[in-house]
Amino acid sequence: SLNRLLRRCLQRDKRQRMHHMADARIVMEEILTDGTSAHEPALAASIAQTTARRRSGRAGWIAAGVLAVVAAFLGWRSLETKAPSPPRPVYFEITLPEGMWVHSGRQVVAVSPSGDAIVMALANKDGSQLYLRSLDDPELVPIPGTESASARLFSPDGEWIAFTQDGKLRKTTRDGETAVDLCPTGWGVGAWLTDGRIIITDSYSSGLFIVPAGGGKKEPLTEPAREEGELGHWWAQALPGDEWVIYNGFSSPVENSRIMALSLLTGEKKVLIQGGVFGRYAPSGHLMFTKEGKWFAAPFDADRMEVTGTPESVIDDVYLNLYDGFTNLAFGQDGTLALSLIHISEPTRRH
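Calculation notes
- Residues numbered from 1 in each chain as written.
- Predicted model: local features only at pLDDT ≥ 70, side-chain atom pairs only at ≥ 80, totals over all residues.
- Heavy atoms only, no water.
- Pairing = 2+ DSSP bridges.
- Helix = DSSP H or I, 4+ residues; strand = E, 2+ residues; numbered from the N terminus.
- Buried < 20%, exposed > 50% of the residue type's maximum accessible area, 1.4 Å probe, protein only.
- Arc of directions from axis to C-beta.
- Salt bridge = Lys/Arg side-chain N within 4 Å of Asp/Glu carboxyl O.
- Polar contact = N/O pair within 3.5 Å; in protein donor to acceptor, adjacent residues only side chain to side chain.
- Contact = heavy atoms within 4.5 Å.
- Core = buried A, V, L, I, M, F, W, Y, C linked by side-chain atoms within 4.5 Å.

J.: Looking at this structure, I do not really get the sheet that holds strand β11 (residues 198-201). What am I missing?
T.: Each strand in a sheet pairs with its neighbour through backbone hydrogen bonds, running either in the same direction (parallel) or in the opposite one (antiparallel). Taken in spatial order, the four strands of this open sheet run β10-β11-β12-β13, and their pairing is antiparallel. The sheet terminates laterally at β10 (188-192) and β13 (219-220), the two strands that pair on one side only.

J.: Explain helix α1 (residues 2-9) here, please?
T.: Buried residues of α1: Leu5, Leu6, Arg8 and Cys9, and no others. Looking down the long axis of α1, one finds its buried residues gathered within 160° of arc, a one-sided arrangement.

J.: Where do I start with the pattern of salt bridges in this structure?
T.: Close approach of charged atoms allows side chains with opposite charge to pair. By the definition in use, this model includes eleven salt bridges. The salt bridge partner of Lys125 is Asp126, with a shortest N-O separation of 3.5 Å. Each member of the pair Lys125 and Asp126 is classed as exposed. Measuring nitrogen to oxygen at the nearest pair gives 3.6 Å for the salt bridge that ties Glu306 to Arg304. Salt bridges sharing partners connect three or more residues here, namely Lys168, Arg170 and Asp181.

J.: Mind showing me how you'd approach the pairing of strand β17 (residues 269-274) here?
T.: The side chains of a regular strand alternate, first on one face of the sheet and then on the other. The pairing of strand β16 (residues 258-263) with β17 spans five bridges and is classified as antiparallel. Each bridged residue has a counterpart across the sheet, and for Ala261 the counterpart in β17 is Lys270. The turn joining β16 and β17, which pair antiparallel and follow one another in sequence, is formed by five residues; a positive phi near 85° is taken by Gly267.

J.: Sorry if this is basic, but what is going on with the side chain of Ser263 here?
T.: By the element assignment, Ser263 lies in strand β16. Here Leu265 takes part through its backbone nitrogen, which lies 3.3 Å from a polar atom of the side chain of Ser263. A distance of 3.1 Å separates a polar side-chain atom of Ser263 from the backbone nitrogen of Thr266. Not counting the four nearest positions on each side in its chain, Ser263 is found in contact with Glu243, Trp244 and Glu268.

J.: Would you take a moment to explain unusual backbone geometry for this structure?
T.: What you tend to see is this: most non-glycine residues have negative phi, and most peptide bonds are trans. Cis geometry marks the peptide bond from Ser252 to Pro253, where omega comes out at 0°. With respect to the element layout, Pro253 can be found in the loop between β15 (244-251) and β16. A positive phi is found at Ser148, a non-glycine position, where the angle reads about 60°. Along the polypeptide, Ser148 turns up in the loop between β5 (141-142) and β6 (150-154). By relative accessible area, Ser148 is classed as partly exposed at 49%. The backbone of Met305 shows a phi angle near 55°, a positive value even though the residue is not glycine. As for its placement among the helices and strands, Met305 is situated in the loop between β20 (294-301) and β21 (306-307).

J.: What's the story with the nonpolar core in this structure? I'm lost.
T.: Proteins that are soluble and globular tend to have nonpolar side chains buried together. Counting residues in hydrophobic clusters, the biggest one holds 23 residues, and the most contacted among them are Val119, Leu122, Leu130 and Phe154. Looking at this core, the elements with two or more residues in it are β2 (109-111), β3 (117-124), β4 (127-134) and β7 (160-165). When residues of this core are assigned to their parent elements, the largest contribution, six residues, is made by β3. For Phe154, the residues in contact, after removing those within four places along its chain, are Ala110, Val111, Ser112, Pro113, Ala117, Val119, Leu132, Trp160, Ile161, Arg174 and Trp192. Counting residues in each nonpolar core, the second largest holds 17 residues, with Trp235, Val254, Val318 and Tyr319 among its members.

Just geometry here; none of it tells us what the structure is for.
Right under this line is the structure:
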């Protein structure tokens, strides 16, 4: 098809020659899209009417010019239509300093929304503290003022870190230079909304509460369904847009737990996964959860708040706390995943 187009561009008879490059561009687009062109019959007829092909230096230069235009056009279309290559996965382990281990408290790892940093709770013989690890720097940097802290969480802009410490919900800047007390609480951090409010679980047996951006009185959001065996609502995560929050409706044994969704606008609740714990929405469009010591992924429609496919196991042997359904795993909004597997070393038998 391109050969026939080229021949028509080189017709010596003006009545048979294509007059303008814009017309040739339309034909080329049709050929690239459909493999042929609606103008093909006209091209064939005009070529059939050609009685002689005269080769000359001038014709050669014209051919070279048209070929260059065709080549440039094809190259431009290639750049325009070629899908970008998917990002290449990168895997690495974070080596802990000598004499330190991952703290066994709740929610011991968090990933910044942009995926540029990880916060972990590390412990040694003298106690525990939060450490920041930027992904462009191998050094683990202690965050001042976070001794014995647990349940850390990045703010949506990645500049602040929320944590519980000494019976309080607190937040601090990455460098630890500015710390703010938000409210009393005895348990853990769940989700940080884009308007600055934070959703927490106030105690082991409580539902979810929401805390004002600047701190103050926490307001209840959910109440465990005791008649259905729920012990507490934990591990909340806000979905993009802040309209829905997913959380773990924990029951004992853990197989009776379920992953729930709550609308912050209407109060509507939905059961998303029966028998799973520590539900997490992944940027790939999957609902991730732990079940039987494995990490599963299920295709998920966040607009309809529905699982749309069969869950599949993606990681084996993940850490699962059978007493609260916690899995030591965290996502960044860019898809960065940080997790802690169980490694037992003799003679300390630390995790």
